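# Observations on chain architecture
Single-letter residue listing:
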Amino acid sequence: YQRRVPIMAGDWTDWTPCSADCEGTRTRSRFCNNPPPAPGYPSCARNMESESEECGAEQCPGFSEWSEWDECSKDCGYGTRTRNRNCDSPPPETGGPQCEGLSVENKICYLKKCPQRIDGNWSVWSGWSDCSVPCGTGTKRKSRTCTNPVPSNGGGTCEGPGHEEISCVLKAVCKRKTVLENWNSWSECSAECGGGTKRRTRGSCVGQQCSEDEVQIRDCNTMDCARKKKKRLRSASLTISEPIISDVPIDLDIHGVNLCLSAKMVLKKLYTLVDTDSAQIYGTLRKDGTYSSLTIYSGLSSVTLKNKLNHPLPSSVGSVTIKQKNSRVVLIGDMFKLNVVQSDGEGFRVEIVRIDDEVTGFLGVLKAINDSSQIVDKSGKKKILRFKNVNYLLTRSKTKSCYELINDKYSARILGSTDKFLENDY
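The structure contained in this document is the topic of the report that follows.

About the criteria used
Residues numbered from 1 in each chain as written. Predicted model: local features only at pLDDT ≥ 70, side-chain atom pairs only at ≥ 80, totals over all residues. Heavy atoms only, no water. Helix = DSSP H or I, 4+ residues; strand = E, 2+ residues; numbered from the N terminus. Buried < 20%, exposed > 50% of the residue type's maximum accessible area, 1.4 Å probe, protein only. Polar contact = N/O pair within 3.5 Å; in protein donor to acceptor, adjacent residues only side chain to side chain. Contact = heavy atoms within 4.5 Å. Salt bridge = Lys/Arg side-chain N within 4 Å of Asp/Glu carboxyl O. Patch = residues over 30% accessible without salt bridge, like charges linked within 9 Å, V, L, I, M, F, W, Y side chains within 5 Å. Areas by Shrake-Rupley, 256 points an atom, 1.4 Å probe, with all protein chains shown as cover. Pairing = 2+ DSSP bridges. Phe/Tyr/Trp six-rings, centres within 6.5 Å; stacked < 30°, edge-to-face > 60°. Lys NZ or Arg CZ within 6 Å of the ring centre and 35° of its normal.

Attention now moves to the side chain of Ser 298. Residue position: Ser 298 is located in strand β13 (residues 291-298). Exposure remark for Ser 298: the relative accessible area of 2% places this residue in the buried category. Within the structure, Ser 298 has its side chain in polar contact with the backbone oxygen of Val 317 (distance 3.5 Å). A polar atom in the side chain of Ser 298 sits 2.9 Å from the backbone nitrogen of Ser 319. Apart from the residues lying within four places of it in its own chain, the contact partners of Ser 298 are Ser 278, Ala 279, Val 317, Gly 318, Ser 319 and Val 320.

Structure follows, in structure tokens:
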């Protein structure tokens, strides 16, 4: 009698390669051959069986550890906290699968109860202001502020305007001093000789509609017509000589130190010395730095000072007051006060008593230099002029009782171009 024993399956084969680097599968098999089935004996359930499993998980991209929760997004009331993690453990391959899951997590947080929200509200209106102009048509203004209460804790701001304006009309006649536009060019002289006038305006005024501060009138071609006719008979063409350019001394008194500068200027030409909204003063230069004439214009009036100061002068020209005493003339405008003093020769000098900062012209520049300069003493022999953050070395003059710049070209740096003061259209 032979005992019948069940037949066992054979050994498993090796695993097949993983079907993918990440999230693949692999399989293995075994056959019914250990021993092979014999007639009359039990056989394996199947001639071949196989099994599979996931593989490559260690090559898949993965998340890093979660970060710490950050601060609550709100100081009061409900807010959120956030934490993050990165897909870098390991990072995904190019074109490969990405990490599965969230990279950011949020959760609700609550620190404390918020204070009550307060919306802003307007204060009461202020009273109406005075009219914005002393004469003519202007505006009045009233205002209110968003302070009743001030918005806080996220409250809304006030809606609507914070000010209101209405027009106002004053009956007083305006005498305008503010000039908003530059002067137009001078007109042609009304006469070729014997004394004529020429005129210039500013703004949009025409003819008799111009006010005093919108028009200027000057004398012109004052030469005798008989002399002019004789000159024309002697020569068919009139030869005009070249302008004379000379080094004109310019004296400044800076903190008690007499500083003598030198500027190249055109002689026998008018320079703008003072220019304000209500008056202009022009001067004709001499080689020694004095003036052979001064002309004061204000409104529709003008007066000229020539050579000697002892001839009678009017008490005023427009808004400029003139005070005369012996060889001294005082010119007083709303923005300046000047002394005109007879020099040793035929000319006269102009001394600045007061000039406002807004005054333009050559004397305004000299006053600005004086105000913004500083003298640094170096043991009494040498001094330093400090102007616009630049130091200029001064030395005592050998011929005059003043201090001079060691280099004449520095004068032009300090004074600037003197051509801009030249009144070319006279």
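All right, on to the pattern of salt bridges then. A full pass over the atoms with the stated rule returns 13 salt bridges. Taking the shortest distance from any N to any O, the salt bridge between Glu 165 and Arg 141 comes out at 3.1 Å. Pair noted here: Glu 165 is in strand β6 (residues 163-170) and Arg 141 is in strand β5 (residues 136-143), with a separation of 24 residues, a long-range link. Overall, the relative accessible area of 47% leaves Glu 165 in the partly exposed class. Taking the relative accessible area as the measure of exposure, Arg 141 reaches 38% and is therefore partly exposed. Where Asp 247 meets Lys 264, a salt bridge forms, and the shortest distance between an N and an O atom there is 3.2 Å. Here Lys 264 lies in strand β10 (residues 257-266) and Asp 247 lies in strand β9 (residues 245-254), a separation of 17 residues in the sequence. Each of Asp 357, Lys 367 and Asp 371 takes part in one network of salt bridges that share partners.

Positionally, Leu 331 belongs in strand β17 (residues 328-333). Judged by relative accessible area, which is 0%, Leu 331 ranks as buried. The spatial distance from the C-alpha of Leu 331 to the C-alpha of Ser 316 is 8.8 Å, given a sequence separation of 15 residues. When residues no more than four places from it in sequence are discounted, the contact partners of Leu 331 are Ile 281, Ile 296, Val 320, Thr 321, Ile 322, Phe 336, Lys 337, Leu 338 and Val 340.

Moving on: a nonpolar patch on the surface. Residues Tyr 78, Ile 108 and Tyr 110 make up a contiguous nonpolar surface patch of roughly 400 Å² in combined accessible area. By the element assignment, Tyr 110 lies in strand β4 (residues 104-110).

So, on to the pairing of strand β16 (residues 320-325). Sheet topology places strand β15 (residues 316-317) next to β16; two bridges connect them, and they run antiparallel. Looking at the pairing, Val 317 lines up with Val 320 of β16. Between β15 and β16, which pair antiparallel and follow one another directly, the connecting turn spans two residues, one of which, Gly 318, has a positive phi of 60°. Here β16 runs beside β17; their pairing, made up of five bridges, is antiparallel. Paired with Lys 323 across the bridge in β17 is Val 330. Taken together, β16 and the strand that follows it, β17, pair antiparallel across an intervening segment of two residues, in which Asn 326 is found at a positive phi of about 55°.

Looking down a regular strand, the side chains alternate between one sheet face and the other. Of all six residues in strand β11 (residues 270-275), five are buried; the element is thus mostly enclosed. Relative to strand β12 (residues 280-285), β11 runs antiparallel, the two being bridged by five bridges. From the neighbouring strand, Asp 275 faces β12, where its bridge partner is Gln 280. Counting the residues that bridge the hairpin from β11 to β12 gives four residues.

What characterises a pair of aromatic rings is the spacing of the ring centres plus the angle enclosed by the ring planes. What the rule picks out here adds up to four aromatic pairs. Summarising the aromatic geometry, the rings of Tyr 78 and Tyr 110 are spaced 4.7 Å apart at their centres and angled 50° between planes, so their arrangement reads as tilted. One end of the pair, Tyr 78, is in strand β3 (residues 78-84); the other, Tyr 110, is in strand β4, and 32 residues separate them in sequence. For Tyr 78, a relative accessible area of 60% translates into the label exposed. Ring geometry for Tyr 282 and Tyr 297: centres 5.8 Å apart, planes at 70°, overall edge-to-face. Of this pair, Tyr 282 sits in strand β12 while Tyr 297 sits in strand β13, placing them 15 residues apart in sequence. What makes Tyr 282 buried here is its relative accessible area of 1%. Classification of Tyr 297 by relative accessible area gives buried; the value is 3%. Looking at Arg 85, its charged tip hangs above the ring of Phe 63, at a distance of 3.8 Å from the centre. The cationic tip of Lys 107 hangs over the ring face of Trp 69; the distance from NZ or CZ to the ring centre is 4.5 Å.

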